[in-house]
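Here's the letter readout for the chains.
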Amino acid sequence: QVSALPTPAFFNIADYAPGGVWAEQAKAEGLYHEFKVNTTINTSPTQKILEGIYYTDGDFSIIGDNYTIGPKGATFVATGSISMSAKDINLVPYADVLLFSSATTPCGNNAITLSSSTSVWSGIIYAPNGGVRFSDSDSSMDGGGIIAQTIDVSSSNTTFGSSPNMVLRWPA
């Protein structure tokens, strides 16, 4: 066990909120999905995760299996908590290298809870004011990382790797 370092302020949630620099870029591409209440998406053949930014003023949950987000990827940002329970997914970030970000407080609560199996992830999971719980099996995180006040990783046969393609980029 190691002591936590101060959490760097890499990502500003206001950039992804309506009117923010990333939000405006996604809107211009038709890839901005805004929810003003707690939201749950149950993926199915009729309800899929689309590319772009998902911004929720509240809690955001994704439940489902067997989905891949297109080449532009998706970024999930919430003022509340984020949870995902899924199997056989392939997730890459849309905005910058940010995959998930939650502004939930206070420290100690799980701001982001991810549970998956046989999945591929890349990008940053960012919870500067709370914890991240990552429960996974037979998966890989190919570039990225977890930045949070507390991190609880429970996995089997999961690999964490780095990628030279994971570089911060700014909207055009």
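To start, this report covers the structure provided alongside it. Starting afresh in each chain, residues are numbered from 1 along the sequence in its written order. With pLDDT at 70 or above as the cut-off, local features in this predicted model cover only qualifying residues; side-chain atom pairs require 80 or more to be listed or tallied, and sums for whole chains, interfaces and linings still use all residues. Water and hydrogen atoms were dropped before computing side-chain values, which therefore reflect all heavy atoms in the structure.

### A look at the environment of S116
Mapped onto the fold, S116 is located in strand β8 (residues 110-117). Taking C-alpha positions, S116 is 9.6 Å from S155, a pair spaced 39 residues apart along the chain. If we skip the residues at most four places from it in the chain, S116 touches A86, W121, S135, D136, S137 and S139. Helix and strand assignments follow DSSP, with helices taken as H or I runs no shorter than four residues and strands as E runs no shorter than two, numbered in order from the N terminus. Contacts are assigned to residue pairs that have any heavy atoms within 4.5 Å of one another.

### As for the nonpolar core
Put simply, a nonpolar core is a bunch of buried Ala, Val, Leu, Ile, Met, Phe, Trp, Tyr and Cys residues held in one set by side-chain atoms that sit within 4.5 Å of each other. Each residue's exposure class comes from its accessible area (1.4 Å probe, protein chains only) as a fraction of the maximum for that residue type: buried when under 20%, exposed when over 50%, partly exposed otherwise. Core analysis: the largest hydrophobic core is formed by 27 residues, its most contacted members being F76, M84, L91, F100, I112 and W121. Contributions of two or more residues to this core are made by β4 (60-68), β5 (74-78), β6 (82-91), β7 (98-102), β8, β9 (120-137) and β10 (140-156). Excluding residues within four positions of it along the chain, F76 makes contact with I49, Y54, F60, I62, I69, I82, L91, L99, F100 and S101. W22, A26, V97 and I124 belong to the second-largest nonpolar core, a separate cluster that totals 18 residues.

### Focus: the environment of E51
Counting through the fold element by element, E51 comes out in the loop between β2 (39-42) and β3 (52-56). With 25 residues separating them in the primary sequence, E51 and A26 have C-alpha atoms 9.5 Å apart. When residues no more than four places from it in sequence are discounted, the contact partners of E51 are L31, H33, I69, G70, P71, K72 and G73. Only 2.9 Å separates the side chain of E51 from the backbone nitrogen of K72, close enough to count as a polar contact. A 3.5 Å cut-off defines polar contacts: any pair of N or O atoms within that distance qualifies, except that in protein one atom must be a possible hydrogen donor and the other a possible acceptor, and neighbouring residues in sequence count only when both atoms are side-chain atoms.

### A few points about the side chain of H33
Counting through the fold element by element, H33 comes out in strand β1 (residues 32-35). Under the relative-accessibility criterion, H33 is labelled buried at 16%. For H33, the residues in contact, after removing those within four places along its chain, are L50, E51, G52, I53, Y54 and Y55.

### Considering the pattern of salt bridges
A side-chain nitrogen of Lys or Arg and a carboxyl oxygen of Asp or Glu constitute a salt bridge if their distance falls within 4 Å. Tallying each qualifying case throughout the model produces three salt bridges. The partner of K72 in a salt bridge is E29, and the shortest N-O contact between them spans 3.4 Å. On the criterion of sequence distance, the pair formed by K72 in the loop between β4 and β5 and E29 in the loop between α1 (21-28) and β1 is long-range, its members being 43 residues apart. Between D152 and R133 there is a salt bridge; the shortest N-O distance is 2.4 Å. Note that D152 is positioned in strand β10 and R133 in strand β9, a separation of 19 residues in sequence. Residue D152 is classed as partly exposed on the basis of its relative accessible area, which comes to 36%. Judged by relative accessible area, which is 33%, R133 ranks as partly exposed.

Bear in mind that shape data such as this cannot, by itself, settle questions of function.
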